[in-house]
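# Understanding the architecture of this molecule
Given next are the chains, with one letter for each unit.
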Amino acid sequence: MANEEEQTQAGIADEFERKPVPQNALLGFKSFVGMYAGEHCAGTELMIGPLFVAAGVSAFDVVMGLIVGNALAVLSWIFLCAPIATRARLTLYYQLEKICGRKLVILYNLANGVMFCFLAGAMITVSATALGVWFDFKMPGLNDLYPNSVGWVLAVLVVGCLISVVAAYGYKTVSKFANIAAPWMVLVFLAFGLIGLRDFINDTGTSINSIGDLWGMAQTHIWKGGDPLPGQVKFTFWHVTFFAWFCNMAMHIGMSDLSVFRYAKKSWYAVASAAGMYVGHFMAWLSASILYAHQLHLDSTNTDVLPGPLAYKAAGIAGLLCVIIAGWTTANPTIYRSGLAFQAIMPKKSRFAVTMMAGAVATLAGLFPAIAMKLLGFVALYGMLLMPMGAVVFVDFWLIKKLGMKNNFAEFSNKSFNWAAGFTWFVTLAICWWLVQNAGVQIYFVSLPGWFIAATLYLLLSYFYQRQIYDNNKYRVFLQVISWAALIVLVVFSGLYSSGVAKLENVKTVFWVVTIVWFVSAALWMWNNSKEQNDK
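The structure displayed is predicted, hence computed values, not measured ones.

### A closer look at the packing of helix α5 (residues 102-135) against helix α13 (residues 351-367)
- Between α5 and α13, whose axes approach to 7 Å, the crossing angle comes to 55°. Taken together, the axes of α5 and α13 are oblique relative to one another. Here the hand of the crossing between α5 and α13 comes out right-handed. Here C117, F118, A120, G121, I124 and T125 of α5 lie close against α13, whose contacting residues are A358, V361, A362, T363, A365 and G366.

### Considerations on unusual backbone geometry
- Despite not being glycine, R89 shows a phi value in the positive range, around 55°.
- As for its position among the elements, R89 is in the loop between α3 (59-88) and α4 (92-100).
- You can call R89 buried: its relative accessible area is 8%.
- Residues other than glycine seldom take positive phi values, yet M255 does so here, at roughly 75°.
- Following the sequence through the fold, M255 ends up in the loop between α9 (237-246) and α10 (258-261).

### Digging into the confidence of the model for the protein chain
- In the predicted model, the protein chain carries a mean pLDDT of 88, and 93% of its residues have values of at least 70.
- Ignoring residues within four places in sequence, the model shows residues 1-15, a span with pLDDT below 50, making 59 contacts including any to other chains.

### A closer look at the side chain of K98
- Structurally, the position occupied by K98 is in helix α4.
- A distance of 2.9 Å separates polar atoms of two side chains, one belonging to K98 and the other to E411.
- Setting aside residues up to four positions removed in sequence, K98 forms contacts with L90, N408, F409, A410 and E411.

### What about the packing of aromatic side chains?
- Tallying each qualifying case throughout the model produces 39 aromatic pairs.
- Ring geometry for F243 against W285: centres 5.6 Å apart, planes inclined by 45°, an arrangement best described as tilted. Of this pair, F243 sits in helix α9 while W285 sits in helix α11 (residues 273-298), placing them 42 residues apart in sequence. For the pair formed by F243 and W285, the shared burial category is buried.
- Pairing Y278 with F282 gives two aromatic rings, centres 6.1 Å apart and planes at 55°, and the pair type is tilted.

### Quick word on the environment of F342
- Positionally, F342 belongs in helix α12 (residues 307-345).
- As for F342 and I106, which are separated by 236 residues in sequence, their C-alpha atoms are 8.6 Å apart.
- Setting aside its immediate chain neighbours within four residues, F342 contacts L110, G113, V114, C117, V354, M357 and A358.

### Details of the environment of V166
- Mapping V166 onto the fold places it in helix α6 (residues 150-169).
- Along the sequence, V166 and I222 sit 56 residues apart, while their C-alpha atoms lie 39 Å from each other.

### Some thoughts on α11
- Across its 26 residues, α11 extends 36 Å between first and last C-alpha, which sits within 8% of the 38 Å expected from 1.5 Å per residue.
- A284 marks the point of greatest bend in α11, at about 25°.
- For α11, a buried count of 20 out of 26 residues is recorded, marking the element as mostly surrounded by other parts of the structure.

The rules behind these values
- Residues numbered from 1 in each chain as written.
- Predicted model: local features only at pLDDT ≥ 70, side-chain atom pairs only at ≥ 80, totals over all residues.
- Heavy atoms only, no water.
- Axes fitted to C-alpha atoms, helices over the stretch in contact; angles between N-to-C directions.
- Helix = DSSP H or I, 4+ residues; strand = E, 2+ residues; numbered from the N terminus.
- Parallel < 35°, antiparallel > 145°, perpendicular 65-115°, else oblique.
- Left-handed = near helix turned anticlockwise from the far one by under 90°.
- Contact = heavy atoms within 4.5 Å.
- Buried < 20%, exposed > 50% of the residue type's maximum accessible area, 1.4 Å probe, protein only.
- pLDDT = per-residue confidence, 0-100.
- Polar contact = N/O pair within 3.5 Å; in protein donor to acceptor, adjacent residues only side chain to side chain.
- Phe/Tyr/Trp six-rings, centres within 6.5 Å; stacked < 30°, edge-to-face > 60°.
- Expected span 1.5 Å × (residues − 1).
- Bend = angle between axes of the 7 residues up to and from the residue.

Spelled out as structure tokens, the structure:
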């Protein structure tokens, strides 16, 4: 699911980390087609597809939702990410450092590294389920939060340790092997779907003479709709659409793939992302969901989402190998990326040491099946966490200069922490989290208004911050940013109540907190300002 600049390192030197990619290093369209098709047919697809069925999705909702949602994801790469990437030709991290400052980028790297560890943990969980078939130990169920057997713990530890060591020693070798395995994995995923359909035809006695007959079977036996399984959120067309759109939000709207498309000759090469979306996030998800639906058809009490047993039943040893390789080849680069993010925080540590540390965190995360079993919610959370910085990059690149302000302000002012960008990130996340917890907005949807909140906040805060930055009184500048941010929050929540999203009692609480923040911070800087004017 994830992909960043390190995917290109198997064939490209990483000497352009702090400067634009030169013309002679640019790649052709086919390079991006292969990259996205391979990287998005990963171990996590074997978890996501079944979770759609567990969420009680209907045939129309899942098929049309994936078509529309994946199209929106491709358009986000084409119109939001790639145009900036092919103009600036910088990595996301260096672009953020120029905008936000070194210290804020360290916080971003920490958040990014931790989330990569959790994502890699889910992939380790997927691979461990294949070992469960061979060694016949008890594996976690759909609603299990903790490890439930010694065998499970040992399997995750073995898989996690092997993946971590390989990531620390031999990333390029794993990357080359992943490229070799990708065509085979894609076809095995397709085989899962075809075998699952034939099993349904045999077990239901359905006669398939046309596409209409196949669609009828899908509606009545595979994606039947109705209530979700216990502990799961009911998914509709909109849930599927937004999930397909935002599951890679960190990459397109969050701008992580600036690091990938900086190598593209043209921005329209981002259409290559469709290869990953419709191979991995359409075909592979539907194929995996068919296998799980058939499992429920045979035994409605067997709700366990375990890719290993599902794949083994459909394709035997080849299916188990697909589960192991899909998890392994995607967990390795994910742990590697996490190590690079942590190394930026601890530059004196070797890459080997930080990658092993990242692998240990990922292995620990993989022990707890809650991450994999709640993968739909986790992926939405991941996108929400990094989304505000994507809005910051977009606004800084396209709008700041047109409105009379300085772009790349941290570089321009030699600041290590751009408070306008920092408050944008923190306040946006606080508002989104409040909307999820108190206003009834589900986490699958909150990042859409969150992006506009972040873009607006960054514009307004940059105006006040840049106007005051040359004042030698840093204390006053800090108070001004806080006070104006408080007023922005007041306006935002007024709009949320007017639109029917927020409850009045919750808005009143926010108003009370904002009022205290405003009067304390504004009084301090206004008092000092008036005192200085009187002294003059």
